[in-house]
Amino acid sequence: MKGQTIKWAFLCSFWGKNAKDAICWHAERDLVEKIGILIYEQEECGAAIEAEKHGIKTVFLPVDRFGNKKSHQTEILKVLSQEKISHVFLLGFQHLILGDMLQSFPNRIVNIHPSLFPSFLATKTAIQDALDYGVKISGITTHIIDDKFDRGIILCQEPIRIEQTDTFETLYPKFSLKGLDVIIDTMKMIEEGGWLKQQKIH
């Protein structure tokens, strides 16, 4: 979509630090119009507070309001359509994206995962898993999703060194610090059409 206007939706299930940081970055540069909506699931959501502060529309859509995930994502799709969203960034969104949504946004849904693909996939504890396994390098990956957890087209990766003395409490801030740069680099790559040369991970 190089040359065309891209309008992002951020989806998060928890407090939303990554989404909050990305909103702040855009607000500081008067670029909040790139973010069309934040859809969130946790009542106390830092990303939602930040979005509202900068005039970004927010919608509270917890999955437990719906009978199943399909119904939940049908409602999300309805909102995305109403807001004329072109691209979706999953920033701590805990649910597998189902077929209808994938078909509505082909190659236009991006996820962030705290590991270097293809290591520590399909897990919610990737940072602790890296510690437990004893690897010296882990990191962050963004990717265009497909119909399985943590698969698809790799976009950006940022390595993070794990020291022998690291614990989860000392390692997590390193991921947090690097996360914003990876998110912004990924958004720029999509907006400029640079992702088309990336390779798929199976």
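**Considering the nonpolar core**
Among the nonpolar cores identified, the biggest contains 40 residues, and Trp-8, Phe-10, Leu-38, Phe-89 and Ile-190 are the most heavily contacted of them. Here the element with the most residues in this core is helix α6 (residues 168-191); it accounts for nine residues. Apart from the residues within four sequence positions on either side, Leu-38 is in contact with Phe-10, Cys-12, Ala-19, Ala-47, Ala-48, Ala-51, Ile-56, Lys-57, Thr-58 and Val-59. Residues Leu-61, Leu-80, Val-88 and Ile-97 belong to the second largest nonpolar core, which totals 20 residues.

**With respect to helix α2 (residues 46-53)**
Restricting attention to buried positions, one finds in α2 the residues Gly-46, Ala-47, Ala-48, Glu-50 and Ala-51. Buried residues along α2 sit in contact with β1 (8-12), α1 (17-28), β2 (35-40) and β3 (57-60). Positive phi appears at Gly-55, one or two residues downstream of α2, with a value of about 75 degrees.

**Let's talk about the pairing of β1**
Put simply, side chains in a regular strand alternate between the two faces of the sheet. Most of β1 sits out of view: five of its five residues are buried. Because side chains alternate across β1, one face comprises the buried residues Trp-8, Phe-10 and Cys-12, and the other comprises Ala-9 and Leu-11, equally buried. In this fold, β1 hands off to α1, which returns the chain to β2; that crossover is right-handed. In terms of strand pairing, β1 meets strand β4 (residues 87-90) through four bridges, oriented parallel. Bridge pairing in β4 links Trp-8 to His-87.

**Looking at the pattern of salt bridges**
This structure, assessed with the given rule, holds nine salt bridges. Note that Asp-100 is salt-bridged to Lys-70, the shortest N-O span being 3.1 Å. Here Lys-70 lies in helix α3 (residues 69-82) and Asp-100 lies in helix α4 (residues 99-104), a separation of 30 residues in the sequence. One network of salt bridges, in which partners are shared, links Lys-20, Glu-50 and Lys-53.

**Here's the deal with the side chain of Ser-13**
Position of Ser-13 among the secondary structure elements: in the loop between β1 and α1. Taking relative accessible area as the criterion, Ser-13 reaches 4% and is therefore assigned buried. Looking at Ser-13, its side chain comes within polar contact range of the side chain of Glu-41, at 2.6 Å. Here Gln-94 takes part through its backbone nitrogen, which lies 3.0 Å from a polar atom of the side chain of Ser-13.

**Describing the packing of α1 against α6**
Interhelical geometry of α1 versus α6 gives an angle of 60 degrees and a closest axis separation of 10 Å. In terms of axis orientation, α1 runs oblique to α6. As α1 packs across α6, the resulting crossing turns out to be right-handed. Contacts between α1 and α6 involve Lys-17, Asn-18, Asp-21, Ala-22, Trp-25 and His-26 from the former and Ser-176, Gly-179, Leu-180, Ile-183, Ile-184, Met-187 and Lys-188 from the latter. In terms of residue class, the contact of α1 with α6 is made up of six nonpolar, four polar and three charged.

Definitions and limits used
- Residues numbered from 1 in each chain as written.
- Predicted model: local features only at pLDDT ≥ 70, side-chain atom pairs only at ≥ 80, totals over all residues.
- Heavy atoms only, no water.
- Core = buried A, V, L, I, M, F, W, Y, C linked by side-chain atoms within 4.5 Å.
- Buried < 20%, exposed > 50% of the residue type's maximum accessible area, 1.4 Å probe, protein only.
- Helix = DSSP H or I, 4+ residues; strand = E, 2+ residues; numbered from the N terminus.
- Contact = heavy atoms within 4.5 Å.
- Right-handed = clockwise from strand over helix to strand, strands pointing away.
- Pairing = 2+ DSSP bridges.
- Salt bridge = Lys/Arg side-chain N within 4 Å of Asp/Glu carboxyl O.
- Polar contact = N/O pair within 3.5 Å; in protein donor to acceptor, adjacent residues only side chain to side chain.
- Axes fitted to C-alpha atoms, helices over the stretch in contact; angles between N-to-C directions.
- Parallel < 35°, antiparallel > 145°, perpendicular 65-115°, else oblique.
- Left-handed = near helix turned anticlockwise from the far one by under 90°.
- Nonpolar A, V, L, I, M, F, W, Y, C, P; charged D, E, K, R; others polar.

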